[in-house]
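Coordinate analysis (summary)
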Amino acid sequence: MLSDLRTLARVLTDGLAPTTASESVVLSERPHAKLVRYGSAEQLQAARDSRQVPVLLVPPLAVPAHCYDLAPDAQPGNSVVEFLLSTGTIPYVVDFGDVSYADRRLGFEDYFDTFVPRAVAEVIDDFRSAPDAVDLMGWSLGGTLSLMTAGAHRDLPIRSVITVGTPLDYKKVEPYPLVRTLLSPTQGRPVTYLLRAMGGIPSIAVQIAYRATAWDRELRKPKYILDNLKDTEALIRMQVIDRFQNSMPGYPGKVSEQMLVNLVLRDEIARGTLHFDGIDVDLTAITAPIFMVGSHRDAIVSHAAAEHGLDLFTESVHTEFHTVETSHLGLLTGAVAEEQTWPAIAAFRDKIGA
C-alpha cells in the first residue's frame, strides 16, 4: 500500500518518468530554425565512414521538436532518434521553437522556402560525406512541410521524403468537409479575420484540441492511474505523453489562415498544387521516392487522407504506403511504432539506397 501511495504521489507531481534527451549538439540557432544534430562523435564518424544518408527530421507546426526524442531513457520505443542512431544513421532536427503574437506573419512559405531548405544545406555541410543528400522525415504536418519543400525546391539534394500520419486530402478528414460547406460561401473570411486579430491559434487552444481527439483517454485517466499503480511502465508512458501534450506551442497567424483557406477550403494539397504569395508548389512534380504511413485508428488524420499520396505523387520514382493500426502519436512513437513503423521505414531506406 505504501509503495502504491508513493507511485501515486510521483504521478501526481510529474516525477515518475525520467526527463531525458539523446546526446546532441546545436549546430546553428536562428529564430524558428535551430538545427540540432543527434549522436556522439563516434556515431557521426561511423556514419560518415559507411556513407549513411542522414535524416533531417521536420516537426509539425504547433508541436515541439522533441516529439522525435520522447524520454529515450524512460523505456524502449519512445525515441525515433534513438532508433535511427541504432541503424547507423545520424538524425538532425530543425526546431521551429515557440511562436507568439509577434510571429503572426509567419506563413508556410517561410518554412518550406527558407527554414527547411537552409537546414538541408547545413546538414550537407556538417555531415561532409557522400552521397551529399538527405532523407526528409516528418510526422503529421511535418510531412506536409517536407513535401512542400521537395515540391518547391526540386534542385535540393533530397534523396527521399518520409511522411507519418500526414493529411493529403482534407475532404477525407472530419470535420473539414462540414467546415468547407459552411465557410466556402465567404471563403472563410469571418474566421480568417478572427485568426488575424488573435495572431494565430494560441498554445492552450492547440493543447485542448489535441486532448479532445482522445477525450475518452482523458476521462479514463484517473481510473487508469489507480488500476496501474503496480505497472510503472504503463504510468511512465502516460506521463511521457502528458508532458508532450503540455508542451505544444501555437500556430502563427498567417499559417492558420493558410491551413483553412489553402488546405481546407480550396483543397489545394489534394489537387497537388498550392499557391502561397506568388510561390507555386507542385507536389505532383516530386520525383524523389516517397514513403507514407497511415492508420484507420488515427483520430486526427484519416487513413484515406494519408493514402491519397498514392494518387498524388505520380512523378515519384517510387511511392510506398504502409498501414499501421494505432493512434496518431502511436504511428510515430511507442510499442506499435517500434514494431511496425520503424522497421518499415528502415526497409524503405535500405531499398532506395541499394
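Placed above this text is the structure.
These remarks concern the structure in this document.

Rules and cut-offs
Residues numbered from 1 in each chain as written. Predicted model: local features only at pLDDT ≥ 70, side-chain atom pairs only at ≥ 80, totals over all residues. Heavy atoms only, no water. Helix = DSSP H or I, 4+ residues; strand = E, 2+ residues; numbered from the N terminus. Rg over C-alpha atoms; globule rule 2.2 N^0.38 Å. Buried < 20%, exposed > 50% of the residue type's maximum accessible area, 1.4 Å probe, protein only. Contact = heavy atoms within 4.5 Å. Areas by Shrake-Rupley, 256 points an atom, 1.4 Å probe, with all protein chains shown as cover. Lys, Arg positive; Asp, Glu negative; His and termini not counted. Charge placed at Lys NZ, Arg CZ, Asp CG, Glu CD. Right-handed = clockwise from strand over helix to strand, strands pointing away. Salt bridge = Lys/Arg side-chain N within 4 Å of Asp/Glu carboxyl O. Phe/Tyr/Trp six-rings, centres within 6.5 Å; stacked < 30°, edge-to-face > 60°. Axes fitted to C-alpha atoms, helices over the stretch in contact; angles between N-to-C directions. Parallel < 35°, antiparallel > 145°, perpendicular 65-115°, else oblique. Nonpolar A, V, L, I, M, F, W, Y, C, P; charged D, E, K, R; others polar. Left-handed = near helix turned anticlockwise from the far one by under 90°.

Details of the overall build of the protein chain
From N to C terminus, the protein chain includes 15 helices and twelve strands. A globule of 354 residues ought to have a C-alpha radius of gyration of about 20 Å, and the protein chain, at 20 Å, matches this closely. Across its three principal axes, the protein chain shows a C-alpha extent of roughly 65 × 55 × 40 Å. Counting the 354 residues in the protein chain, one finds 56% classified as buried. Look at the contacts in the protein chain between residues 6 or more apart in sequence, and 78% of them connect residues 24 or more apart. Accessible surface, the protein chain as shown: approximately 15,200 Å² in total, 55% of it carbon and sulfur. For the protein chain, the distance from the average position of its 32 positive side-chain charges to the average position of its 44 negative side-chain charges is 4 Å.

Notes on the pairing of strand S6 (residues 158-164)
With respect to burial, S6 is a largely interior element, seven of its seven residues being buried. Between the parallel elements strand S5 (residues 134-139) and S6, the chain passes through helix H5 (residues 141-152) in a crossover that is right-handed.

Thoughts on unusual backbone geometry
In this model, Ala 130 is joined to Pro 131 through a cis peptide bond whose omega is 10°. Tracing the backbone shows Pro 131 in the loop between helix H4 (108-127) and S5. With an omega of 5°, the peptide bond running from Glu 174 to Pro 175 counts as cis. With respect to the element layout, Pro 175 can be found in the loop between S6 and helix H6 (176-183). One non-glycine residue, Arg 51, lies in positive phi territory at about 60°. For Arg 51, a relative accessible area of 57% corresponds to the exposed category.

Description of the pattern of salt bridges
All chains considered together, the criterion is met by 13 salt bridges. A salt bridge links Lys 254 to Asp 277, with the shortest nitrogen-to-oxygen separation between them at 2.4 Å. Here the residue Lys 254 occupies a position in helix H11 (residues 253-265), and Asp 277 occupies one in the loop between strand S9 (273-276) and strand S10 (279-282), the gap between them amounting to 23 residues. Look at Lys 254 and you get partly exposed, because its relative accessible area is 21%. Here Asp 277 falls in the exposed class, since its relative accessible area comes to 59%.

Re the packing of aromatic side chains
Summed over the entire model, instances satisfying the criterion amount to eight aromatic pairs. Pairing Phe 96 with Phe 115 gives two aromatic rings, centres 6.5 Å apart and planes at 40°, and the pair type is tilted. With Phe 96 in the loop between strand S4 (91-95) and H4 and Phe 115 in helix H4, the pair connects residues that are 19 residues apart, well separated along the chain. Accessibility classification places Phe 96 together with Phe 115 in one group, the buried group. A network of ring pairs unites the aromatic residues Phe 96, Tyr 111 and Phe 115 as a single cluster.

Brief notes about the environment of Leu 57
Relative to the helices and strands, Leu 57 resides in strand S3 (residues 55-58). Expressed as a C-alpha distance, the spacing of Leu 57 and Thr 166, which sit 109 residues apart in the sequence, is 14 Å. Discounting chain neighbours no more than four positions away, the residues touching Leu 57 are Tyr 68, Val 81, Leu 84, Pro 91, Tyr 92, Val 93, Val 94 and Met 137.

Examining the packing of H4 against H5
The geometry of H4 relative to H5 is characterised by a closest axis approach of 9 Å and an angle of 75° between their N-to-C directions. When the axes of H4 and H5 are compared, the pair comes out roughly perpendicular. Counted together, Phe 108, Tyr 111, Phe 112, Val 116 and Pro 117 of H4 and Leu 145, Met 148, Thr 149 and Ala 152 of H5 form the full contact between these two elements. A class-by-class count of the residues in the contact of H4 with H5 yields eight nonpolar, one polar and no charged.

A few points about the environment of Leu 147
One can find Leu 147 in helix H5. The sequence separation of Leu 147 and Leu 260 amounts to 113 residues, and the corresponding C-alpha distance is 18 Å. The residues touching Leu 147, leaving out its near neighbours within four places in the chain, are Val 161, Thr 163, Leu 168, Leu 283, Ile 286, Ile 290 and Phe 313.

What about the packing of helix H7 (residues 189-198) against H11?
One way to put it is that H7 packs onto H11 with a least axis distance of 9 Å and a crossing angle of 165°. Looking at the two axes, H7 sits roughly antiparallel to H11. Crossing handedness for the pair H7 and H11: right-handed. Seen from H7, the contacting residues are Val 191, Thr 192, Leu 195 and Arg 196; seen from H11, they are Ser 256, Glu 257, Leu 260 and Val 261. Considered class by class, the residues forming the contact of H7 with H11 number four nonpolar, two polar and two charged.

Concerning the environment of Val 293
By the secondary structure assignment, Val 293 is in strand S11 (residues 290-294). When the C-alpha positions of Val 293 and Gly 199 are compared, they lie 32 Å apart, and in sequence the two are 94 residues distant. Every residue in contact with Val 293, bar those within four places of it in the chain, is listed here: Thr 163, Val 164, Gly 165, Thr 166, Ala 306, Phe 321, His 322, Val 324, Leu 331 and Thr 341.

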